[in-house]
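Examination of the molecular architecture
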Amino acid sequence: MNEHTNTVLPRGVTQQAFKEAVAKFRILLGDENVLLKDEQLVPYMKVMMPVEDAAHAPSAAVTATTVEQVQGVVKICNEHKIPIWTISTGRNFGYGSAAPVQRGQVVLDLKKMNKILHIDPELCTALVEPGVTYQQLYDYIQEHNLPLMLSFPAPSAIAGPVGNTMDRGVGYTPYGEHFLMQCGMELVLANGDVLRTGMGGVKGDNAWQVFKWGYGPTLDGMFTQANYGICTKMGFWLMPKPPVFKPFSISYDSQDDIADIVELLRPLRIAQIIPNAVVIANSLWEAGSANVRRVDYYTEKGATPDTVIDKIIKDKGLGHWNVYAALYGTREQVEVNWKIVTEVIKKSGKGRLITEDQAGETQPFKYRAQLMSGVPNLQEFGLYNWRGGGGSMWFAPVSQARGSECDKQRVLAKRILNKHGLDYVGEFIVGWRDMHHVIDVLYDRTDPEETQRARACFNELLDLFEQEGYAVYRVNTEFMDRVAQTYGPVKRRVEHAIKRALDPNNILSPGKSGIDLNNNL
Amino acid sequence: MNIDRRSVLKGAAWGTLASVSLSASGLSLANILLNTDSVGRHPDLVLVSDAASESAFLQGALAVTQGRALKVQRTDFSLNFIQALNHSLHSGKSIRLIGLVDDASAGLIVETARSAGARMQWLGQHSASTAQSRHRLISTQAAHGCTALLGQQMNACGNGFNLQEHRLHGSDFPFELAAQQRSEKDSSQWAVALGFALAALGTPSTATAPLIATSPPLRGHFVSFSIET
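For the structure given in this document, a descriptive report is provided here.

What counts, and at which threshold
- Residues numbered from 1 in each chain as written.
- Chains lettered and ligands numbered in written order.
- Predicted model: local features only at pLDDT ≥ 70, side-chain atom pairs only at ≥ 80, totals over all residues.
- Heavy atoms only, no water.
- 1 Å grid on protein atoms, 1.4 Å probe; cavity = no way out; pocket = protein on both sides within 12 Å on 5 of 7 lines; lining within 4 Å.
- Points joined across faces, edges and corners; volume = space filled by probe spheres on them.
- Helix = DSSP H or I, 4+ residues; strand = E, 2+ residues; numbered from the N terminus.
- Nonpolar A, V, L, I, M, F, W, Y, C, P; charged D, E, K, R; others polar.
- Expected span 1.5 Å × (residues − 1).
- Buried < 20%, exposed > 50% of the residue type's maximum accessible area, 1.4 Å probe, protein only.
- Axes fitted to C-alpha atoms, helices over the stretch in contact; angles between N-to-C directions.
- Left-handed = near helix turned anticlockwise from the far one by under 90°.
- Contact = heavy atoms within 4.5 Å.
- Salt bridge = Lys/Arg side-chain N within 4 Å of Asp/Glu carboxyl O.

On to the layout of surface pockets, then. Considering only enclosed or pocket space, the largest pocket measures out at about 770 Å³ in volume. Contributing to the lining of the largest pocket are 28 residues, with Val 295 and Thr 299 of chain A together with Ala 128, Gly 220 and His 221 of chain B lying nearest its centre. Secondary-structure elements contributing two or more residues to the lining of the largest pocket are strand 5 (119-128) and strand 9 (220-228) of chain B. Broken down by element, the residue count for the lining of the largest pocket peaks at three residues, all from strand 9 of chain B. For the lining of the largest pocket, the per-class residue count stands at seven nonpolar, eight polar and 13 charged.

To continue, consider helix 7 (residues 189-200) of chain B. Residue and element names in this part refer to chain B. For helix 7, spanning 12 residues, the distance from its first C-alpha to its last is 16 Å, which sits close to the expected 16 Å at 1.5 Å a residue. Within the sequence span of helix 7, burial applies to Gln 189, Trp 190, Ala 191, Val 192, Ala 193, Leu 194, Gly 195, Phe 196, Ala 197, Leu 198, Ala 199 and Ala 200. Among the residues trailing helix 7, Gly 202 stands out with phi positive, at a value near 80°.

Moving on to the packing of helix 7 (residues 258-270) of chain A against helix 13 (residues 403-419) of chain A. All names here are of chain A. As a packed pair, helix 7 and helix 13 sit with axes 7 Å apart at the nearest point and diverge in direction by 145°. For the crossing formed where helix 7 meets helix 13, the hand is right-handed. Facing helix 7, whose interface residues are Ile 258, Ala 259, Val 262, Glu 263 and Arg 266, helix 13 presents Gly 403, Ser 404, Cys 406, Asp 407 and Arg 410. Taken together, the residues of the contact of helix 7 with helix 13 sort by class into four nonpolar, two polar and four charged.

Under the criterion given, the structure shown has 49 salt bridges over all chains. For Asp 53 of chain A, the salt bridge is made with Arg 136 of chain B, and the minimal N-O distance between the two is 3.8 Å. Of the two residues, Asp 53 of chain A is situated in the loop between helix 2 (38-41) and strand 2 (60-63) and Arg 136 of chain B in strand 6 (residues 133-139); the pairing between them involves two chains. Overlapping salt bridges, with partners in common, bring together Arg 294, Lys 301, Arg 387, Asp 423, Asp 444, Asp 447, Glu 449, Glu 450 and Arg 453 of chain A together with Arg 134 of chain B in one network.

Shape is all these values report; function is a separate question.
Laid out in structure tokens, this is it:
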């Protein structure tokens, strides 16, 4: 294969323009960093969405190692109107994987920009490049014996802080709201300028990673879940490692308990008695994470019957709902807070409290405790074996942290999923005042009929939740434009006005979060 | 017409009788069954997730190496496994690995390969039930002919199957093959044929996958791949 016969091209780009751009990429980056062969691009094509693989196929992938190279890539793209899809580690799986949002976009893979630029153990800050993984950071912290703790999402080891934060992902520690802990970005803009947010533009400044706001408008947020710039450095805060860490679980016996659980936890969470992003996982999430496969219990098509779920719960000693939380601090602090927590649970009259000593090495307690204490693991990948077949879409509506809201969402989601023959595999992540209700829509991509059902199901989830006033905070690339519509026309027009101003040639990830100048908004 | 092309066309003719459909792109794909301008080496390592897939897939792979021992490793989704794989792919030594693994392991293996800048000639998603097996494949020029070979061998043993192949720089239309089940025999033959096709990928082998009588039949969901650094 050579570029003369490239059958996948970016939208509106001629073979000739593409060929010229590729020649310039080669001069800028070196041949080994310009990937055109099909066998080099297949690793960018493993999507989990209910579409043909061809719909998200890249025309090429390029890897850059310096900010100057990223600026050079942007310059070439402007000259030839080549759209690029930027990834850092590209490990967001059910949110779209490494594949571009539109067929033919050139993937700009920043995996080789993987330097930990600075970690300050006194101020507890970090500055990293986009290719840095959490495992790399964890190893660095261990190697240097730093009294610091990481917060990461479940793919932990292989994901990275820049990608996760830029997509406004969450973790499970007290620093679990990752964008809240971000402090200072460096971005290459579409015109090649390098913007540093916050204090980063001040000559001689050393407060870039400690003071977020700088002067004038605070711009960081508009670069997240967006396509206005390419993040080449990001600062963030690290949690001091507490002397005592006490994870625990509370197991509940009824699906209907969710409302009571949320009412019980919210005051503890807002008051920071329980300081971390608490998880409330349902039985099937627990089962999948504990390596249970659906086929071991049920082989028919369709939703798994409640009677079967009850059997799994009984066999595996799971709850219908399973709360994971932890206390952090000095021995005295943890003792006081533990007393408060146990008394509140006792008073509620339901829920089985499980401590680390009682759980021992059992899953899923072990991996949950690791996630809450900043120790990477990959245990939650077991979810992909629950049904199997490679289909996964995260449906992640937010709600107020109120029991009634969570119960309403739970009932609605289960009804829609089961109607389409799919399972409700969900968890609530308790923010300070909100809930991220994360549902893994798992299906068999080898089965065209089930794939079609999964697509219809996801559309119905979006539609019916919207009718009830709910929207997702994040979505896979196939549904980005649809979700952007939920947030209203004014927001979309503003987003597109900013895009026109900053990226008139529409070269940076057009289609990300539904922002694409070809929408003519 | 070479012998390989004849055998594929023969397979297609059998298939017509057994409700096989072979698209136009499939016929062109059959022109070169085993492309000599491709990988051209036997695998150094075979990754499998469990004993059942190991048995069937490995029998197919061993038929290609004609008795030469293959290094086999069980996968899981632990950090240790992924770190070891990452280390191998970054070792600087050229390595070719093929595998038939579960979905969770596959997600991690593909990501590790991408990060390492490895080439992937083949990525397949498979499911097998009593009635049939389904195969959704992404393949490349280097794996030219593998899909046809797989389809032909599955058809020859009478297992019901449905196969769809996408090529990044191939035809706009996927290559599709399907056949109704004509045999009551076990349905593990697809995994044997797959192990054979992937091990033979790019080599000038003219052998055929062995027929086996594995019991119990291999059912469930799997992902196959051929990766090379």
